[in-house]
Amino acid sequence: MNTNFLVTHGTSVMFKICFICDGVIDIKVQQLGLLVSFLLFRLTGTKYGCGGGGCGACTVMISRYNPTTKKIRHYPANACLTPICSLYGAAVTTVEGIGSTRTSIHPVQERIAKCHGTQCGFCTPGMVMSMYTLLRNHPEPTLSQLNDALGGNLCRCTGYRPIIDACKTFCKTSGCCQSKENGVCCLDQGINGFPEFEEGNETSLKLFSEEEFLPLDPTQELIFPPELMTMAEKKTQKTRIFGSDRMTWISPVTLKELLEAKVKYPQAPVVMGNTSVGPDMKFKGIFHPVIISPDRIEELSIVNYTENGLTLGAAVSLAQVKDILANVTRKLPEEKTQMYHALLKHLGTLAGPQIRNMASLGGHILSRHPDSDLNPLLAVGNCTLNLVSKEGKRQIPLNEQFLRKCPSADLKPEEILISVNIPYSRKWEIVSAFRQAQRQQNALAIVNSGMRVCFGKGDGIIRELSIAYGGVGPATILAKNSCQKLIGRPWNEEMLAAACRLILDEVSLPGSAPGGRVEFKRTLIISFLFKFYLEVSQILKEMDPVHYPSLAGKYESALEDLHSRHYWSTLKYQNADLKQLSQDPIGHPIMHLSGVKHATGEAIYCDDMPVVDQELFLTFVTSSRARAKIVSIDLSEALSLPGVVDILTGEHLPDINTFHFLTDSEKILPTDEVSCVGQLLCAVIADSEVQAKRAAQRVKIVYRDLEPLILTIEDAIQSKSFFEPERKLEYGNVDEAFKMVDQILEGEIHMGGQEHFYMETQSMLVVPKGEDQEIDVYVSTQFPKYVQDITASVLKVSANKVMCHVKRVGGAFGGKVTKTSILAAITAFAANKHGRPVRCVLERGEDMLITGGRHPYLGKYKAGFMNDGRILALDMEHYCNGGAFLDESLFVIEMGLLKLENAYKFPNLRCRGWACRTNLPSNTAFRGFGFPQAGLITEACITEVAARCGLPPEKVRTINMYKEIDQTPYKQEINTKNLIECWKECMATSSYTLRKTAVEKFNSENYWKKKGLAVVPLKFPVGLGSVAAGQAAALVHIYLDGSVLVTHGGIEMGQGVHTKMIQVVSRELRMPLSNIHLRGTSTETVPNTNTSGGSVVADLNGLAVKDACQTLLKRLEPIISKNPRGTWKDWAQTAFNESISLSATGYFRGYESNINWETGEGHPFEYFVYGASCSEVEIDCLTGAHKNIRTDIVMDVGCSINPALDVGQIEGAFIQGMGLYTIEELNYSPQGVLYTRGPNQYKIPAICDIPTELHISFLPPSENSNTLYSSKGLGESGIFLGCSVFFAIHDAISAARRERGLPGPLRLNSPLTPEKIRMACEDKFTKMIPRDEPGSYVPWSVPI
Ligand SMILES: Cc1cc2nc3c(=O)[nH]c(=O)nc-3n(C[C@H](O)[C@H](O)[C@H](O)COP(=O)(O)OP(=O)(O)OC[C@H]3O[C@@H](n4cnc5c(N)ncnc54)[C@H](O)[C@@H]3O)c2cc1C
Ligand code: FES
Ligand code: FES
């Protein structure tokens, strides 16, 4: 490992940053840029996923030495928000610094890889660095510390369980859930009363062996560079100034110098953590020519305990504030620390650990974000701010005027915030904090609140009352007038009722308020108040049991936190066949081929490819209108900017500007009309990314809006805006059957879309070869052949000139098929035109805006059923929101229709489906491909039938389930034995019946918290609808040293297909895995490949690889039999000597697959994946929060080729499905502009969302002669199982509604967000809020 000392030259001084990493560092560039750009330029480990601190992919460890305390502080930080100039005297450790395959790997890297904690691997370096930093500070962390440490890192593939399992191996008691403090733990007999899944029993098999792991030896860690310590000890430091042509960075090191700088540059921001200024500069385009960034000024870092409270320096980080407050609350009596407890509560969920370690208290307060978690509390707590300027010191209150930035109450431009006074609470004073966000952690609050009340001594009369809210206006709002009016009143129900009315009046939100969710926010405002009321009542009762009444037992649940125990899991998978040869790896949990490289950061993704000489960068200008004529495009200003090489419009592609996909055609760069916001219009090519982006902003486009604008499915139905043709599937005689049933119901369900949120955004590098018009396209795609085709057509060359290469893809999920090809073709056009390499990497926001995602759906159903729950007739209509162009929408509708019946036999079924044409970016393939939507519609219908019949949903599910030998609606024969097995096994292992009783008991005892339980079966048909779509090919070479190189048409996008292919070669050629290599996928080695998707990549390519190996074996059999004890080297040499080819292609023609849409009959699917999932949730009826307490999954995987990879696909998909059905919500403006353009607005599941208990088991192996070693493709099916969480929440809401006297059908749309949960749990508070007449206001967003 190298330790590189980096010397960066500023304009006037020189400073040292020490980068502890492995690589050559160029010191001249990017002095004023961000650390991430600096690292991306040189190293491959640190990843860029969002640029806004929201995903954790760029996590590094920063270490600083404090000469006063003589201590080194190690903390995790987001390199994407860390200005390089802020790192003076700091050591930065990147993932390369802690280990690599070339030297030795670190135990964290080893364990994440070996525990199968990586799939696409793009998040892995960030995960490793978060964990590594935790271990630097706590070599034997607790599970709470572990969960907290990973809270700022997102993973879209794994579902987090294997990452937690890996990290748990460092914890003191890794075998236990460590939840003793909450009552019970997993090792206690009878957890939940159901002992089946105690960890350590025979079902808890592990997919890795801890004995193999390298021990963690803290003494072997990198030391903090002594040179930096010496540097820090030197007292004679002066302000450092760094400059570039556009910006000056000033780092004063004493208060005096800071104040002088502030006088000189009063408008310059004082950057501390840069977590507020940084995102503003990046996303809002705010530019600061001068930045002042104090460095280790002691006065800003003080921690003083005074008689009245605590004074904390403005530069103290939020993580340090958390530690300080935790310490204080341990030492001081509770009556003095009410405010500190409340702050601690919010500091536990505010952002992730990276942001909390970077952000400062002063920066937080002064950012005055309207959704700040701390400011409402500090404002009600009579906190004061200590300011200083050259003029002297003064103190101002942190009050509403300050928060609204009233000039009279604000800092003067030349003033600095030096510290904050946070007073102790007094006896009879109570402070509380509340918040509700889309996700429980690392998500800005939708509404938050700080509340404080002070009573007269023991009389229960309100003497002081202060209530503040965040998220309900442009600034933190204090309900001052309401509080004033309540003073003098006793703390009772009448006071509460009056308080709700007053506050709703004072803190009013217009129907069109930014951020939307207006009724939810209004409800939260008073729900929080109610919680406060109960909390205070309980404390009063504790303080004076004689005078204050007890809370009704049922109401106490309003105060408890949602179920919070530590995660634990069990896995029960198939062991490899005992009869198989010992070296045969099939059936073994082989680690992902790139696992270790993912963990060390050596795995190369498209954007990690080194800069090529003369490389240009391409960025897109996209439409800002949803439907408009393009009046003019003015490029002149943009073209005149330095570094700009060219700007392409449709005019440059006169006769090649159209590409065709299925029956639709789309303009590559339209010149006359735009059909959605985010449509590509121009491509700006410049010497650098910065220059290209700057120029893109100067392209002036004039539009003339066109009518009508069609955004929603309902708009499309009204305007009959559909893509042709309509699809229909019919079985039995639906109309006749309706005449015979006991009951008929009609209903509908709307399901929102989903963003792929692959961690690696769309990326490509195109390199013209300069000879014979050859061009190499390196691209993150699932469909290299399609990239090749469009590129060839745009360049007007034959396909044999265009070579498309894919090493690996950092997640795709269906989103890297069509759009990627267009982006790559335009990039190739630019490269070809200029004869220079061109790179294009979309920013997260651009990616989300441009590419579309899963189709939103509207399902209408009419069900005819008997009173015993048998559904005899089902008539359905499916509508998907296809967006502006066809893309794969029709195919999605078709697959939705063919899969809609899920596990049920509906004897009379009719379903028609339409893909709606709307003015949104075209939606596309997404894991599950229509099934997650179609299946949900059916399950919603079943749930409603059950409610109508007064039967439990699981009973109606069982009654209607396929019989063992049956026929699908398209008349394909089916054997559902394993479906029934999965269902029974899931009911049994989840102890469904017992737990249902326990849930009912819980619900009868708790009014404000409810639990719900649901079990859902799965029949996922696998097949592509045509034989040709399933063909696959492979190429296997044996070299003379006996080593093998294999290549095939499948793309490695995290699912581990390359690992499985190597297992196949190993079995077939009977050689060790280490002998076999796979370099990547290329149209050069395997031509005419199909897209990688549809769960069948390993199935199909595996059969092709097997075919190639068998061809080789057949050729070599005579040689091998002549020398059976020989080695592969011997056999290869003999074959060479005998002129026998050592290279073979393999081919698989595709599964038999057909469907006739005229007759509605066919055999579209080769086989079915069966499964079942049972989930239990707890909801908070007052806030809409939910927690997934436990999920049990049983799957029929056939014979697993690699149980570790298969479990990974199932659980990863399950968590993605859970996100789909519960928290992932896209918001569009009424003008069709996507608001949710990054992890800060769009929430995918994080570590806090995974089920507390997760149990996954496979059915025993079952044979299927047609598939690869009887395996089944598992990539997609697990998504649907996420809907067991949806129906568990549905069950919990139903319980709440029944108790509140609100029976009747409950129709809930997906996703079941906190907003929907809260608003469905109707109560006196939802009745109290003002409602706006529809049509009387323009809503902030439209449900598309
Ligand atoms: C990904 C992400 C997630 C987040 N999640 C949450 C969340 O869940 N809840 C929440 O409440 N917040 C959240 N935040 C906001 C975060 O708390 C603030 O960005 C942070 O506290 C700002 O602190 P800073 O030190 O980085 O400020 P900086 O960006 O460095 O500065 C912010 C402002 O404060 C001024 N300033 C700073 N110090 C001084 C001083 N001493 N004197 C005068 N002026 C000063 C600067 O001039 C600047 O205008 C999140 C932010 C990010 C990026
Ligand atoms: S790239 Fe830095 S947090 Fe996402
Ligand atoms: S492995 Fe975590 S994002 Fe792919």
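Residues numbered from 1 in each chain as written. Chains lettered and ligands numbered in written order. Predicted model: local features only at pLDDT ≥ 70, side-chain atom pairs only at ≥ 80, totals over all residues. Heavy atoms only, no water.

### Describing the environment of Gln 1241
How we decide: Starting at the N terminus, helices and strands are each numbered in turn, a helix being any DSSP run of H or I of at least four residues and a strand any DSSP run of E of at least two. Pairs of residues are marked as contacts when any of their non-hydrogen atoms sit within 4.5 Å. Here a polar contact is recorded for every N or O atom pair within 3.5 Å, except that within protein the pair must consist of a potential hydrogen donor and a potential acceptor, and residues adjacent in sequence are included only if both atoms are side-chain atoms.
Turning to its location among the elements, Gln 1241 is positioned in the loop between helix H35 (1203-1222) and strand E48 (1253-1258). A C-alpha to C-alpha distance of 47 Å links Gln 1241 and Asp 584, two positions 657 residues apart in sequence. Aside from chain neighbours lying at most four places away, what touches Gln 1241 is Tyr 1235 and Thr 1236. Engagement of the side chain of Gln 1241 in a polar contact is seen with the backbone nitrogen of Arg 1237, the distance being 3.0 Å.

### Focus: the pattern of salt bridges
Note that side chains of opposite charge can pair when their charged atoms are close. Put simply, the rule reads: Any carboxyl oxygen of Asp or Glu that lies within 4 Å of a side-chain nitrogen of Lys or Arg is treated as forming a salt bridge with it. Each residue is assigned to one of three classes by its accessible area relative to the maximum for its type, calculated with a 1.4 Å probe on protein chains only: buried under 20%, partly exposed between the two thresholds, exposed over 50%.
Evaluated as defined, the whole model comprises 71 salt bridges. Residues Glu 429 and Arg 452 are paired through a salt bridge, measuring 2.6 Å at the closest nitrogen-oxygen approach. Of this pair, Glu 429 sits in strand E14 (residues 429-437) while Arg 452 sits in strand E15 (residues 445-455), and the two are 23 residues apart along the sequence. The pair formed by Glu 429 and Arg 452 is uniform in burial state, with each residue classed as buried. Here Glu 519 makes a salt bridge to Arg 1331, at a shortest N to O gap of 2.9 Å. You can see Glu 519 sitting in helix H18 (residues 518-543) and its partner Arg 1331 sitting in the segment after helix H39 (1324-1328), a full 812 residues away along the chain. Arg 1331 sits in the partly exposed class, given a relative accessible area of 47%. One salt-bridge network, held together by shared partners, links Arg 995, Lys 1011, Glu 1176, Arg 1190, Asp 1192 and Glu 1253.

### What to know about helix H4 (residues 124-137)
Every α-helical turn comprises 3.6 residues, leaving residues that sit three or four positions apart pointing alike. In plain terms, the rule: Here a helix's expected span is defined as the number of its residues, less one, multiplied by 1.5 Å.
An ideal rise of 1.5 Å per residue puts 20 Å on 14 residues; H4 measures up with 20 Å between its terminal C-alpha atoms. Buried residues dominate H4, accounting for 13 of its 14 residues.

### Regarding the site of ligand 1
Where we set the bar: A single heavy atom is enough: if one lies within 4 Å of a molecule or strand, its residue is considered near that molecule or strand. Following the grouping adopted for this structure description, the nonpolar residues are Ala, Val, Leu, Ile, Met, Phe, Trp, Tyr, Cys and Pro, the charged ones are Asp, Glu, Lys and Arg, and the polar ones are all others, Gly among them.
The immediate surroundings of ligand 1 are formed by 35 residues, with Met 272, Thr 275, Val 277, Ser 360 and Asp 373 found nearest. Note that an oxygen atom of ligand 1 is positioned 2.8 Å from one of the backbone N or O atoms of Val 277. A distance of 2.8 Å is found between an oxygen atom of ligand 1 and a backbone nitrogen or oxygen belonging to Asp 373. At the level of secondary structure, the elements contributing two or more residues to the shell around ligand 1 comprise helix H13 (361-367) and strand E13 (416-423). In terms of residue count, H13 provides more of the shell around ligand 1 than any other element does, four residues in total. Looking at the shell around ligand 1 residue by residue, the class counts come to 18 nonpolar, 14 polar and three charged.

### What about unusual backbone geometry?
The omega torsion across Glu 724 and Pro 725 is -15°, close enough to zero to call that bond cis. Secondary-structure assignment places Pro 725 in strand E27 (residues 722-731). Omega for the peptide link from Ser 1310 to Pro 1311 comes to 0°, which places this bond in the cis form. Note that Pro 1311 resides in the loop between helix H37 (1283-1299) and helix H38 (1314-1320). Located in the positive-phi region is Tyr 160, a residue other than glycine, with phi close to 75°. A relative accessible area of 0% means that Tyr 160 is categorised as buried. For Tyr 1269, which is not a glycine, the phi torsion comes out positive at approximately 50°. Looking at where Tyr 1269 falls in the secondary structure, it is placed in the loop between E48 and helix H36 (1278-1281). Overall, Tyr 1269 belongs to the buried group, its relative accessible area being 14%.

### As for the sheet that holds strand E46 (residues 1167-1180)
The line we're drawing: When DSSP finds at least two bridges between two strands, those strands are taken to pair. Only the stretch in contact is used when a helix axis is fitted, and all axes are lines through C-alpha atoms; the angle between N-to-C directions ranges over 0 to 180 degrees.
Read from one edge of the open sheet, five strands run E18-E48-E47-E46-E38, paired in mixed fashion. One side of each edge strand has no neighbouring strand; the edge strands of this open sheet are strand E18 (568-572) and strand E38 (1009-1022). Each adjacent strand pair in this sheet contributes to an overall mean axis angle of 10°, direction not counted. Pairing of E18 with E48 involves five bridges; the strand directions are parallel. Bridging from a neighbouring strand, Leu 571 pairs with Ile 1256 of E48. Helix-sheet contacts for helix H31 (residues 992-1005) involve E38, E46 and strand E47 (1186-1196), and the interaxial angle to E38 is about 145°.

### Quick word on the UniProt feature "binding site: [2Fe-2S] cluster 1" (unreviewed entry) in the chain
Counted only if it meets this: UniProt positions are given in the numbering used here, feature names are shortened, and annotations may be inferred rather than shown by experiment.
According to UniProt, the feature "binding site: [2Fe-2S] cluster 1" (unreviewed entry) maps to Cys 50, Cys 55, Cys 58 and Cys 80 in the numbering used here. In sequence the annotated residues extend across 31 residues, while in space they remain close, none of their C-alpha pairs exceeding 10.2 Å. Along the chain, Cys 50 turns up in the loop between helix H1 (35-42) and strand E3 (59-66). We classify Cys 50 as buried; its relative accessible area is 5%. Setting aside anything within four residues of it in sequence, one finds Cys 50 in contact with Cys 55, Lys 282, Phe 283, Glu 843, Arg 844 and Pro 1239.

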